[in-house]
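# Tertiary structure, described
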2 protein chains.
Amino acid sequence: MDAIGFETHDHLTCIKDGLEAVAAHCVRHRLQFTPVRRRVLEIMLQEHRAMGAYEILDKLREEGLGSQPPVAYRALDFLVSHGFAHKIERLNAFIACAHPGQNHTPAFLICRKCDAVAEAHAEPSCGMLGRAADETGFKIEQAVVEALGLCPRCAA
Amino acid sequence: MDAIGFETHDHLTCIKDGLEAVAAHCVRHRLQFTPVRRRVLEIMLQEHRAMGAYEILDKLREEGLGSQPPVAYRALDFLVSHGFAHKIERLNAFIACAHPGQNHTPAFLICRKCDAVAEAHAEPSCGMLGRAADETGFKIEQAVVEALGLCPRCAA
DNA sequence: TGATATATGTAACTTTATAACATATCAACC
DNA sequence: GGTTGATATGTTATAAAGTTACATATATCA
């Protein structure tokens, strides 16, 4: 319910905390937080915006961490499948999760003017969608919720 | 709130009614419902499922109605921008609208097993998303709501 | 009928994503 | 501590999705 992304904040802390939270989660769950995976997450945390896979790949390439698409896509698959990052379907882009580790259904507010993305929380089983699913007998496992519009800054 | 798509129905009628509703809407609004646009909508109504742009293009090509990607994408842009069809972001695919002409915010229930898609109705300004938007001052103009899971048939 | 806007035809290209297979590294058991 | 099976990376090639640009045609309306 809290949206993260349109406010100023202590960015160094947010990068550090994000990385540490994921690192800790990986230790607890015996997941391999390898250099490429770590760096991809760090890049997304640093940029703090939705980035295309090839844009991330360019950064990896500069650093000698991998130069071919599968390197980026595999790291992103890992991060997304464990909830450390999300794919913004509407933008074909990826963004670091604002609540890593916590089991949640993200919803995004995407500014069409400046491309800023804020992550909010949506409960798919609630509301009209949940009701429609119940009525038809559909079992929701996952949900993509993306709102497009104008962020506070661009609306002003 | 009503989901359309997981039930059996009179399909010939649904194709005919869909085309007629769109044709009438185009007349009222002075839109050009050209042969390619009409045929693309008809293909989607006939198949009654989400189809990729290139899959639609293949059919057009067989019929001599156009052979290059822009032909399909332009027709789809027209149909989507006027609400006669929708893009399913998660599938990079398109589907005929179940309520053509009516101003609405569609929500989709997508079966991950059989790829069937049902169109329901979602009000983006309601619920948690609307609340998050209000709190941050974000102005929602459009929303993508797509639930993934199992349709009644595949769940059984 | 002429001017303007809208739609189509076509070639070339960009962006996004995956398949397939070889090599390396990890992890955990004996 | 080496062996083995699973997991991760490197690399080539290719598939799938979408756009640009520009020429031509058709519709709309004064």
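As the structure is a prediction and not an experimental result, all values here were calculated from the model.

Scoring rules and cut-offs
Residues numbered from 1 in each chain as written. Chains lettered and ligands numbered in written order. Predicted model: local features only at pLDDT ≥ 70, side-chain atom pairs only at ≥ 80, totals over all residues. Heavy atoms only, no water. Helix = DSSP H or I, 4+ residues; strand = E, 2+ residues; numbered from the N terminus. Buried < 20%, exposed > 50% of the residue type's maximum accessible area, 1.4 Å probe, protein only. Contact = heavy atoms within 4.5 Å. Areas by Shrake-Rupley, 256 points an atom, 1.4 Å probe, with all protein chains shown as cover. Lys, Arg positive; Asp, Glu negative; His and termini not counted. Charge placed at Lys NZ, Arg CZ, Asp CG, Glu CD. Near = heavy atom within 4 Å. Polar contact = N/O pair within 3.5 Å; in protein donor to acceptor, adjacent residues only side chain to side chain. UniProt positions renumbered as here; feature names shortened; annotations may be inferred. Least-squares fit on C-alpha atoms with pLDDT ≥ 70 in both. Phe/Tyr/Trp six-rings, centres within 6.5 Å; stacked < 30°, edge-to-face > 60°. Axes fitted to C-alpha atoms, helices over the stretch in contact; angles between N-to-C directions. Parallel < 35°, antiparallel > 145°, perpendicular 65-115°, else oblique. Nonpolar A, V, L, I, M, F, W, Y, C, P; charged D, E, K, R; others polar. Pairing = 2+ DSSP bridges. Salt bridge = Lys/Arg side-chain N within 4 Å of Asp/Glu carboxyl O.

### Here's the deal with the overall build of chain A
Per the secondary structure count, chain A includes six helices and five strands. Expressed along its principal axes, the backbone C-alpha trace of chain A runs to roughly 50 × 45 × 30 Å. When the 156 residues of chain A are sorted by exposure, 46% land in the buried category. Taking as baseline every contact in chain A between residues at least 6 positions apart, the subset at least 24 positions apart corresponds to 52%. Of the roughly 7,900 Å² that chain A leaves accessible, carbon and sulfur atoms contribute 51%. A distance of 3 Å separates the average location of the 17 positive side-chain charges in chain A from that of its 20 negative side-chain charges.

### Some points on the protein's contact with DNA strand C
Close contacts around DNA strand C come from 15 residues, with A:Tyr54, A:Tyr73, A:Lys87, B:Thr34 and B:Arg74 the closest. Between B:Thr34 and DNA strand C, the recorded distance is 2.7 Å, taken from a side-chain N or O atom to a phosphate oxygen.

### Describing the UniProt feature "binding site: Zn(2+)" (unreviewed entry) in chain A
According to UniProt, the feature "binding site: Zn(2+)" (unreviewed entry) maps to A:Cys111, A:Cys114, A:Cys151 and A:Cys154 in the numbering used here. Spatial clustering of the annotated residues is evident: they stretch over 44 residues in sequence, but the largest pairwise C-alpha distance comes to 8.1 Å. Among the structural elements, A:Cys111 can be located in strand β3 (residues 106-111). Among residues more than four places away in sequence, those in contact with A:Cys111 are A:Ala116, A:Gly149, A:Leu150, A:Cys151, A:Cys154 and B:Phe138. Position of A:Cys151 relative to the elements: it lies in the loop between β5 (139-150) and α6 (152-155).

### Side note on the relation of the copies chain A and chain B
Once chain A is rotated about the relating axis by 180 degrees and shifted along it by 0.0 Å, it coincides with chain B to within an RMSD of 0.1 Å. Both copies are brought into coincidence by an operation consistent with a two-fold rotation axis. Considering only C-alpha atoms, the residue of chain A closest to the rotation axis is A:Val145, which sits at 2.3 Å. Comparing contact sets, 100% of the residues at the interface of chain A also lie at the interface in chain B, consistent with an isologous, same-surface contact.

### A few points about the protein's contact with DNA strand D
In the region of DNA strand D, 16 residues are neighbours, and A:Thr34, A:Gln68, A:Arg74, B:Tyr54 and B:Lys87 sit closest. Each atom of DNA strand D within 4 Å of the protein belongs either to a base or to sugar and phosphate, the latter forming 45%. Separating a sugar or linking oxygen of DNA strand D from a side-chain N or O atom of A:Gln32 is a distance of 3.3 Å. B:Tyr54 places a side-chain nitrogen or oxygen 2.5 Å from a base nitrogen of DNA strand D.

### What about the side chain of B:Arg39?
Here B:Arg39 shows up in helix α2 (residues 35-47). Polar contacts involving the side chain of B:Arg39 include one to the side chain of B:Glu63, which spans 2.8 Å.

### A few points about the packing of aromatic side chains
For the structure on display, the rule yields four aromatic pairs over all chains. A ring pair is formed by A:Phe78 and A:Phe84, whose centres lie 6.1 Å apart and whose planes are at 55 degrees; its orientation type is tilted. Aromatic pair B:Tyr54 and B:Tyr73: ring centres 6.2 Å apart, planes at 70 degrees, arrangement edge-to-face. Here B:Tyr73 lies in helix α4 (residues 69-81) and B:Tyr54 lies in helix α3 (residues 53-62), a separation of 19 residues in the sequence. A residue is classified by how much of its surface remains accessible, and B:Tyr54, at 49% relative accessible area, is partly exposed.

### Re the packing of α2(B) against α4(B)
All names here are of chain B. The N-to-C vectors of α2 and α4 enclose an angle of 80 degrees; their axes lie 9 Å apart at closest approach. As summarised for this structure, α2 and α4 are arranged roughly perpendicular, according to the angle between their axes. Every residue of α4 that contacts α2 at Val36, Arg37, Val40, Leu41 and Met44 is listed here: Val71, Ala75, Leu76, Phe78 and Leu79. Looking at the contact of α2 with α4 residue by residue, the class counts come to nine nonpolar, no polar and one charged.

### Describing the sheet that holds strand β3 (residues 106-111) of chain B
An order of β4(A)-β3(A)-β5(A)-β5(B)-β3(B)-β4(B) is seen for the six strands of this open sheet, with the pairing classed as mixed. One side of each edge strand has no neighbouring strand; the edge strands of this open sheet are β4 (117-121) of chain A together with β4 (117-121) of chain B. Neighbour to neighbour, the strand axes of the sheet diverge by 20 degrees on average, direction disregarded. Set on the sheet, helix α5 (residues 127-136) of chain A makes contact with β5 of chain A together with β3, β4 and β5 (139-150) of chain B; between it and β3(B) the angle comes to about 45 degrees. Contacts between helix α5 (residues 127-136) of chain B and the sheet are confined to β3, β4 and β5 of chain A together with β5 of chain B, with β3(A) contributing the most and set at about 45 degrees to the helix.

### Quick word on the pattern of salt bridges
All names here are of chain A. Evaluated as defined, the whole model comprises 18 salt bridges over all chains. One salt bridge in this structure joins Glu42 and Arg39, with 3.1 Å as the shortest N-O distance. Of this pair, Glu42 and Arg39 both sit in helix α2 (residues 35-47), three residues apart, which is roughly one turn of the helix. By relative accessible area, Glu42 is classed as partly exposed at 22%. Residue Arg39 is joined to Glu63 by a salt bridge in which the shortest nitrogen-to-oxygen separation is 2.8 Å. Of this pair, Arg39 sits in helix α2 while Glu63 is found in the loop between α3 (53-62) and α4 (69-81), placing the two residues 24 residues apart along the sequence. Through salt bridges that share partners, Glu47, Arg49, Glu55 and Lys59 make up one connected network.

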